[in-house]
Structures are given as C-alpha cells and as structure tokens.
Amino acid sequence: QVQLVESGGGLVQPGGSLRLSCAASGTIFRSSVMGWYRQAPGDQRDLVATITTTGRTDYVDSVKGRFTISRDNPKNTVYLQMNSLKPEDTAVYYCKSSRWDGIYYWGKGTLVTVSS
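Residues take numbers from 1 onward in each chain, read along the sequence in its written order. Given that this is a predicted model, residues contribute local features only at a pLDDT of at least 70 and side-chain atom pairs are listed and counted only at 80 or more, while totals for whole chains, interfaces and linings are drawn from all residues. Remark: hydrogens and water are excluded; side-chain values derive from all non-hydrogen atoms of the structure.

Undergrad: Explain the overall build of the chain here, please?
TA: Going along the chain from the N terminus, every DSSP run of H or I of four or more residues is numbered as a helix, and every run of E of two or more is numbered as a strand. Counting its secondary structure elements, the chain contains zero helices and 11 strands. Going residue by residue from the N terminus, the α and β elements of the chain occur as β-β-β-β-β-β-β-β-β-β-β. In this description the radius of gyration comes from C-alpha coordinates, and the expected globular size is given by 2.2 Å times residues to the power 0.38. Taking 116 residues into account, the globule formula puts the C-alpha radius of gyration at 13 Å, and the chain, at 13 Å, falls close to it. In terms of its C-alpha atoms, the chain occupies a principal-axis envelope of roughly 40 × 25 × 25 Å. When burial is assessed residue by residue, the chain has 41% of its 116 residues classed as buried. A separation of at least 24 residues holds for 53% of the contacts in the chain among residues at least 6 apart in sequence. Note on exposure labels: buried denotes an accessible area under 20% of the residue type's maximum, exposed denotes more than 50%, and partly exposed covers the range between, all computed with a 1.4 Å probe on protein chains only. The contact criterion used throughout is that any non-hydrogen atoms of two residues lie within 4.5 Å.

In structure tokens, the structure reads:
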C-alpha cells in the first residue's frame with residue numbers, strides 16, 4: 001500500500017515563504033514523476049509543478065520564479081519551496097505520484113493560507 005503524506009502547510013503573510021514536504025511510503029517513489037497540485041475553494045485541482053525521476057522540473061506560469069520543486073530519492077520525499085507568496089496561492093496543496101505504467105497515487109493534502 002502506497003501512501004503520500006503532505007506536511008508544511010499553514011498561515012503565512014503575503015510575501016512570506018513556506019516549504020511543503022511529501023513523504024512517500026512503498027517502493028514506487030524512485031520510478032515515479034512527482035507533482036504538486038492545488039485546489040482553491042470552488043475551483044478545480046490544478047497542476048503547480050512536476051519533477052521527473054531524473055530531476056527535470058516544470059512549473060505553471062503563475063509560480064515560475066517563486067516556487068521550486070525538488071526531490072530526495074533516498075528519503076522518498078518531494079518538496080515544494082514557495083517564496084513570495086500571494087493571496088491567490090491560497091489552496092489545499094496535494095502531492096501526486098505518477099508511474100510510467102499509469103499507476104498513480106494522491107496524498108490527502110495540506111492547506112496553505114496566504115493572508116494578512
């Protein structure tokens with residue numbers, strides 16, 4: 001059974017920073033593309049950033065230059081460093097693993113609130 005557990009969310013003022021973590025159990029982490037998604041109230045779940053097994057990264061335009069995704073394979077963990085946070089970044093952030101054969105898993109999410 002694979003589990004993804006996100007942590008690091010919370011309340012932060014505009015312009016502040018947070019670092020999200022997603023710890024994966026099981027053996028699929030190293031063979032999976034890892035991604036961060038977010039869902040604001042009333043909105044659909046949208047892709048934020050991805051990182052491949054070889055470390056190639058990709059970002060949605062709205063977070064480029066502010067967010068950084070990284071992975072630590074020995075620790076089975078993926079991170080999302082979020083800087084210069086804006087109120088529109090407020091959402092539940094989810095971690096997803098996607099393997100080459102179509103197998104994927106979601107975490108339960110962590111809430112990020114950007115407000116003064």
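Next, the rest of the story.
Undergrad: What should I look at first to understand the pairing of strand E8 (residues 77–82) in this one?
TA: Taken residue by residue, a regular strand's side chains alternate between the two faces of the sheet. Counting buried positions along E8 gives five out of six residues, so the element sits mostly inside the fold. Relative to E8, strand E3 (residues 18–24) is paired through six bridges, and the arrangement is antiparallel. Bridge pairing in E8 links Leu20 to Leu80. By the convention used here, strands pair only if DSSP detects at least 2 bridges between them. In the sheet, strand E7 (residues 67–72) pairs with E8 via six bridges, with the strands oriented antiparallel. Residue pairing for E8: Arg71 is matched across the bridge by Val78. Linking E7 to E8, which pair antiparallel, is a turn of four residues; within it Asn76 sits at a positive phi near 50°.

Undergrad: Sorry, what's going on with unusual backbone geometry here?
TA: Unusually for a residue other than glycine, Asn76 sits at a positive phi of about 50°. Within the secondary structure, Asn76 sits in the loop between E7 and E8. Even without being a glycine, Ser84 presents a positive backbone phi close to 50°.

Undergrad: Hey, could you run me through the nonpolar core in this one?
TA: By size, the foremost hydrophobic cluster in this structure holds 25 residues, and its most contacted members are Trp36, Val78, Leu80, Met82 and Tyr93. Counting residues per element, the ones that place at least two in this core are E3, strand E4 (32–39), strand E5 (46–51), E7, E8, strand E9 (91–99) and strand E11 (110–114). Element by element, the count of residues in this core is highest for E3, at four residues. Excluding residues that lie within four positions of it along the chain, Leu80 makes contacts with Leu18, Arg19, Leu20, Trp36, Val48, Ala49, Phe67, Thr68, Ile69 and Tyr93. Nonpolar cores were defined as sets of buried Ala, Val, Leu, Ile, Met, Phe, Trp, Tyr and Cys residues, with membership established by side-chain atoms within 4.5 Å.

Undergrad: I would appreciate a short explanation of the state of the cysteines in the present structure.
TA: Here, disulfide denotes a covalent bond that connects the sulfur atoms of two cysteines. When two cysteine sulfur atoms are found within 2.5 Å, that pair is recorded as a disulfide. According to the stated counting rule, one finds one disulfide in the structure shown. Disulfide pairing places Cys22 opposite Cys95 at an S-S distance of 2.2 Å. Every disulfide takes its handedness from the sign of the S-S torsion; for Cys22 and Cys95 that torsion is -80°, giving left-handed. In this pair, Cys22 sits in strand E3 while Cys95 sits in strand E9, placing the two residues 73 residues apart along the sequence. For the pair Cys22 and Cys95, one class covers both residues: buried.

Undergrad: Help me understand the pattern of salt bridges in this model?
TA: A side chain with one charge may pair with a side chain of the opposite charge, provided their charged atoms come close. A carboxyl oxygen of Asp or Glu within 4 Å of a side-chain nitrogen of Lys or Arg is what we treat as a salt bridge. Taken as a whole and judged by the stated rule, the model has four salt bridges. Across the pair Lys64 and Asp61 runs a salt bridge, and its minimum N-O distance is 3.0 Å. Accessibility expressed as a relative area gives 48% for Lys64, which makes it partly exposed. With relative accessibility at 59%, the residue Asp61 sits in the exposed group. Between Arg66 and Asp89 there is a salt bridge, with the nearest N and O atoms lying 2.8 Å from each other. Placement of the pair is Arg66 in the loop between strand E6 (57–59) and E7 and Asp89 in the loop between E8 and E9, with a sequence separation of 23 residues.

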